[in-house]
Number of protein chains: 2
Amino acid sequence: MPAEPSPFVPERRVGVGLLGCGHVGGALVEVVREQGDQIAAATGIRLEIVKVAVRNLSKQRAVAISGGLLTHDAHGVVADPSVDLVVELIGGIEPARSLVAEALKAAKPVVTANKELLANVGGELQALAHHAGVPLLFEAAVAGAIPLVRALQVSLAGERIRRVVGIVNGTTNYVLSQMALERIDYGEAVAEAQRLGYAERDPAADVEGYDASSKAAILASIAFNAEIVAGDVYREGIEQVTLADIDFAHRLGYEVKLLAVAERVGAGDAKIAVRVHPTMLPASHPLAGVRGPFNAVFVEGEAAGELMLYGRGAGGRPTASAVLGDVLDAARRLGAPHQATVPRNAAVSISPIDELRTQYYLTVDVQDRSGVLASVAAVFGHHDVSIQSMEQIERDGKARLVFITHVAKEADVQATIAELTSLEAVERVGGLLRVLGGER
Amino acid sequence: MPAEPSPFVPERRVGVGLLGCGHVGGALVEVVREQGDQIAAATGIRLEIVKVAVRNLSKQRAVAISGGLLTHDAHGVVADPSVDLVVELIGGIEPARSLVAEALKAAKPVVTANKELLANVGGELQALAHHAGVPLLFEAAVAGAIPLVRALQVSLAGERIRRVVGIVNGTTNYVLSQMALERIDYGEAVAEAQRLGYAERDPAADVEGYDASSKAAILASIAFNAEIVAGDVYREGIEQVTLADIDFAHRLGYEVKLLAVAERVGAGDAKIAVRVHPTMLPASHPLAGVRGPFNAVFVEGEAAGELMLYGRGAGGRPTASAVLGDVLDAARRLGAPHQATVPRNAAVSISPIDELRTQYYLTVDVQDRSGVLASVAAVFGHHDVSIQSMEQIERDGKARLVFITHVAKEADVQATIAELTSLEAVERVGGLLRVLGGER
């Protein structure tokens, strides 16, 4: 039964122009159809999707869209006077950048789920939005349905955030979870993820950490009120993580996760570190239990303490839900002066990865003969990297040395690895994992 | 280093009138002092706490407040022309209700952390706020620092929410966690919670579920756009939960948690069930890992899927962080017409607890003689309550029968318990726990 029409709120029609109609766009059309009456009753806003710009007019779509709505002309959708706000779901930088800029210049609010756009040219678009006095909203761009962006920008607007740590890529989280649960190796887990639709046929953008890096840049920008772009993010993917590493981590009470980390470095507000890499996370950490395709973001604030937001980070309907929340937020504010755009703190600089200080896990495959351990240990010593624990595993007449270091500096660890690699008795240095919570 | 003053945003002074200055009020004064420059640089809003109404002017406070700010006259604070918005942290219904009403009638936005106020007279205050066109914000009233209210009201505004399940009382969660972890009984765990400041000297409001009921009413109201008051919530506390129940639950793969559950019942939107009671929750559920004084709320939406928000549900600084987020949100919108108040769906009715259908755990202490089990089992049969599993535990020459039922109707289970209690061979029926996820 639909909600009673409210006596207080006269119904107001808001015209939505949709750019792109793939999985998320189709789901948005579907959810607006399902929930339109309910939304109108609750908010007084009658959403109407008046134009949908697509590349291929004749493509079969999961959701039926009347032919009159579909058009090739995305610029025409933005300019159409019946379009009050624009939803950009094309993805990528161009033509999304030009279209979003056109909409903002015409003082039309924009809702986007486009992480690449924001992580590369978000600053210029925010400035346009600020100048026009209209919102540019992107709840769906970082973690799908998880209401994270608004939490950071509004609820935590007065909070000094120390660190944001996220599992923001469902594909890699699924792959690592499956390796651990099913005891399968990386290749098998990726193949399974592809079969189930959690990974693309070319999984590089996910497994190499590019997707997570874009999201890390957006997270860092809003958490620290700074303009941080994807290129600022140190990035490693999960391709080198082995089942043996995961097993070893488990024995020590850790899980292995691809984490996006954005944190303040040092006492002031001037330095920020932003990085994406496979990480050893204590099993007791709330993020350690986040499995399969789920995402979660953990926030450490000075007054709020520890917060975590968890949910579906991808998928048509979850992403459409976040887009729809933004559309309604923008629709409610149509015509009112908008001041929510946060200016950027230009004084922030990026702390290079070389300056990271944490504990490290790494493996060194060596020839199994006397004296090798001593020479390997000596290399750690040369570079001031102190060893917390070492375990030797014999396999096929070969030996693998598994190290956990005390807190060390990244540059020193990298120098250690370089020197180890040059030793004649060392066959391979692998499995570098940084430890979260190992910084103290 | 403070952020650079932004060239875009001229600084705007916003006068805050504070009603009440206990733990949360003191922490708010402190956080505004710490973060004021940063906030002004980032948002252009210079918060100034211009008046603080307290009961006792000469009380020692953790935070120094200049004598000129303090006053007995709360009504005067509301009326003061230098007060642009009012923060109500008095708690309880009167005089908070009158003061909040006065502020709203004077078109001053109100931020409150007062769950009793909202759970009892929230509807009338929302109507006043709507009429005046100013916001009444209460992020801190439900789950402390967790940015939940805004998530439900704004981010999920277009979402059809099916169910909200929360751990919303830190005291009871701490007590149940400690019973399980330390293997201590209820009385010991409560005493420890009192010692550590997690429980009041009189813990009734927490352990009997009153605090959670108020929060459940607020959650249900915002999730289902309905006016639901504390009196609508079915309530049971944790006083009857024993270590033996928790042990048994663990063996079956469950945790015992005091949950606030608000859910749609049946196919339409017309019926809502709202309840607070100790619950058996599958150990794999994301809420099962929420330990100690932490809170978390799990949301099941039709498009968004499963979401969880986790964090500190109480404490001065975490609560002050949520209040501050609301203050900034209201400050930013000062002077702009406000339309965010959601009208209530008057068609919603409350589904009585008797109509609940789920699985049940209960224990029956019986005399240890032949034929007793058969007569006990027969009682379940009379009332159409089908038994999924039964275990008999011998203790001190007595027998305890531990039952898990198949999905049954609450009214039938209650009738079963009443008849069992009347049997001569039954000494006690105890430990009733409803199973979450046992509804299917």
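Each value, and the rule that gives it
- Residues numbered from 1 in each chain as written.
- Chains lettered and ligands numbered in written order.
- Predicted model: local features only at pLDDT ≥ 70, side-chain atom pairs only at ≥ 80, totals over all residues.
- Helix = DSSP H or I, 4+ residues; strand = E, 2+ residues; numbered from the N terminus.
- Buried ≥ 20, exposed ≤ 12 C-beta atoms within 10 Å, placed from the backbone.
- Contact = placed C-beta atoms within 7 Å.
- Axes fitted to C-alpha atoms, helices over the stretch in contact; angles between N-to-C directions.
- Parallel < 35°, antiparallel > 145°, perpendicular 65-115°, else oblique.
- Left-handed = near helix turned anticlockwise from the far one by under 90°.
- Nonpolar A, V, L, I, M, F, W, Y, C, P; charged D, E, K, R; others polar.
- Arc of directions from axis to C-beta.
- Domains from an automatic or database assignment.
- Pairing = 2+ DSSP bridges.
- pLDDT = per-residue confidence, 0-100.

Enquirer: I would appreciate a short explanation of the overall build of chain A in the present structure.
Expert: Looking only at helices and strands, chain A features 14 helices and 18 strands. Projected onto its principal axes, the C-alpha coordinates of chain A cover approximately 85 × 45 × 40 Å. Out of the 440 residues in chain A, the part that is buried amounts to 55%. Counted over contacts in chain A with a minimum sequence separation of 6, partners at least 24 positions apart contribute 75%.

Enquirer: Would you mind going over the packing of helix 1 (residues 23-43) of chain B against helix 12 (residues 316-332) of chain B with me for this structure?
Expert: The geometry of a pair of packed helices is captured by two quantities: the angle between their axes and the separation between those axes. Residue and element names in this part refer to chain B. With their axes 9 Å apart at the nearest point, helix 1 and helix 12 run at an angle of 45° to one another. Between helix 1 and helix 12, the angle falls in the class oblique. Between helix 1 and helix 12 the crossing geometry is right-handed. Each of His23, Val24, Gly26, Ala27, Leu28, Val31, Val32, Ile39 and Thr43 in helix 1 lies in contact with helix 12, whose residues at this interface are Gly316, Arg317, Thr319, Ala320, Ser321, Val323, Leu324, Leu328 and Arg332. For the contact of helix 1 with helix 12, a count of residues per class yields 10 nonpolar, six polar and two charged.

Enquirer: Teacher, can you tell me more about helix 8 (residues 186-195) of chain B here?
Expert: Residues and elements named next belong to chain B. Buried within helix 8 we find Tyr186, Ala189, Val190 and Ala193. Along the axis of helix 8, the buried residues cluster in a sector spanning 100°; they form a single face. Facing away from the buried surface of helix 8 by more than 90 degrees, the exposed residues are Gly187 and Arg195. Where the residues of helix 8 are buried, they touch helix 7 (170-182) and helix 9 (204-207).

Enquirer: Is there a simple way to explain the domain arrangement of chain A in this structure?
Expert: Interface size is often expressed as the accessible area that is lost when the parts come together. Each assigned domain of chain A is listed here: domain 1 (12-144 + 319-332), domain 2 (148-310) and domain 3 (353-435). Taking only C-alpha atoms into account, the centre of domain 1 of chain A sits 51 Å from that of domain 3 of chain A.

Enquirer: Could you clarify how one ought to interpret unusual backbone geometry in this entry?
Expert: Both trends apply: most residues other than glycine have a negative phi, and most peptide bonds are in trans. All names here are of chain A. The omega torsion of the bond from glutamate 94 to proline 95 falls at 5°, within 30 degrees of zero and hence cis. A positive phi angle, close to 50°, is found at arginine 183, a residue other than glycine. In this fold, arginine 183 is placed in the loop between helix 7 (170-182) and helix 8 (186-195). For arginine 183, a count of 11 C-beta atoms within 10 Å translates into the label exposed.

Enquirer: Sorry if this is basic, but what is going on with the sheet that holds strand 6 (residues 136-137) of chain B here?
Expert: Backbone hydrogen bonds hold the strands of a sheet together, and the pairing may be parallel or antiparallel. Residues and elements named next belong to chain B. Spatial strand order, 3-2-1-4-5-6: six strands in an open sheet with parallel pairing. The open sheet is flanked by strand 3 (70-71) and strand 6, the only strands paired with a single partner. Summarising the sheet, strand 1 (residues 12-19) and strand 2 (residues 45-53) pair through eight bridges and their orientation is parallel. The residue bridging valine 14 from the neighbouring strand is leucine 47, located in strand 2.

Enquirer: I keep staring at the sheet that holds strand 1 (residues 12-19) of chain A and nothing clicks. Help me out?
Expert: Taken in spatial order, the six strands make up an open sheet running 3-2-1-4-5-6 (chain A), and their pairing is parallel. Edge positions in the sheet fall to strand 3 (70-71) and strand 6 (136-137) of chain A, since each has one partner strand and no second.

Enquirer: Would you mind showing me how to read the environment of A:Asp37 here?
Expert: As for its placement among the helices and strands, A:Asp37 is situated in helix 1 (residues 23-43). With 10 residues separating them along the chain, A:Asp37 and A:Leu47 place their C-alpha atoms 9.2 Å apart.

Enquirer: Got a minute to help me understand the packing of helix 7 of chain B against helix 8 of chain B in this structure?
Expert: All names here are of chain B. Running from amino to carboxyl end, helix 7 crosses helix 8 at an angle of 125°, the nearest separation of the two axes being 9 Å. When the axes of helix 7 and helix 8 are compared, the pair comes out oblique. Handedness of the helix 7/helix 8 crossing: right-handed. On helix 8, the residues that touch Thr171, Tyr174, Val175, Gln178 and Met179 of helix 7 are Tyr186, Ala189, Val190, Glu192 and Ala193. Looking at the contact of helix 7 with helix 8 residue by residue, the class counts come to seven nonpolar, two polar and one charged.

Enquirer: Would you explain the environment of B:Asn169 in this entry?
Expert: Residue and element names in this part refer to chain B. Its place among the elements puts asparagine 169 in the loop between strand 7 (161-167) and helix 7. As for asparagine 169 and phenylalanine 294, which are separated by 125 residues in sequence, their C-alpha atoms are 8.2 Å apart. In this view, asparagine 169 contacts Asp206, Asp211, Ala212 and Leu258; residues no more than four positions away in its chain are not counted.

Enquirer: Whenever I open this one, the confidence of the model for chain A confuses me. Can you help?
Expert: Note that predicted coordinates carrying low pLDDT should not be read in detail. Per-residue pLDDT for chain A has a mean of 92; in total, 95% of the residues score no lower than 70. Within the model, the stretch residues 1-7 of chain A combines pLDDT values under 50 with 22 contacts to residues more than four positions away or in other chains.

Enquirer: Please explain helix 3 (residues 96-105) of chain A as it appears in this structure.
Expert: Because each turn of an α-helix spans 3.6 residues, side chains separated by three or four positions end up pointing in the same direction. Residues and elements named next belong to chain A. All of the buried residues in helix 3 are Ala96, Leu99, Val100, Ala103 and Leu104. Taken end-on, helix 3 shows its buried residues confined to a sector of 135°, consistent with a single buried face. In the segment just after helix 3, alanine 107 is the residue with positive phi, at about 60°.

Enquirer: Sorry, what's going on with the pairing of strand 15 (residues 387-395) of chain A here?
Expert: Two faces make up the sheet, and in a regular strand the side chains alternate between them. Residue and element names in this part refer to chain A. Pairing of strand 15 with strand 16 (residues 398-405) involves eight bridges; the strand directions are antiparallel. Within the sheet, the bridge partner assigned to methionine 390 lies in strand 16 and is phenylalanine 403. Hairpin connection from strand 15 to strand 16: two residues lie between these consecutive antiparallel strands, with aspartate 396 at a positive phi of about 55°.

Enquirer: How do you make sense of the pairing of strand 16 (residues 398-405) of chain B when you look at a structure like this?
Expert: By the bridge criterion, seven bridges tie strand 14 (residues 357-367) of chain B to strand 16 of chain B in an arrangement that is antiparallel. If you follow B:Thr363 over to strand 16 of chain B, its bridge partner there is B:Val402.

Enquirer: In this structure, what is going on with the environment of B:Glu427? I would like to understand it.
Expert: Residue and element names in this part refer to chain B. You can see glutamate 427 is positioned in strand 18 (residues 426-435). When the 15 C-beta atoms within 10 Å are taken as the criterion, glutamate 427 is described as partly exposed. For the pair glutamate 427 and asparagine 173, spaced 254 residues apart in sequence, the C-alpha to C-alpha distance is 30 Å. Glutamate 427 has contacts with Asp365, Val366 and Gln367, leaving out every residue within four places of it along the chain.

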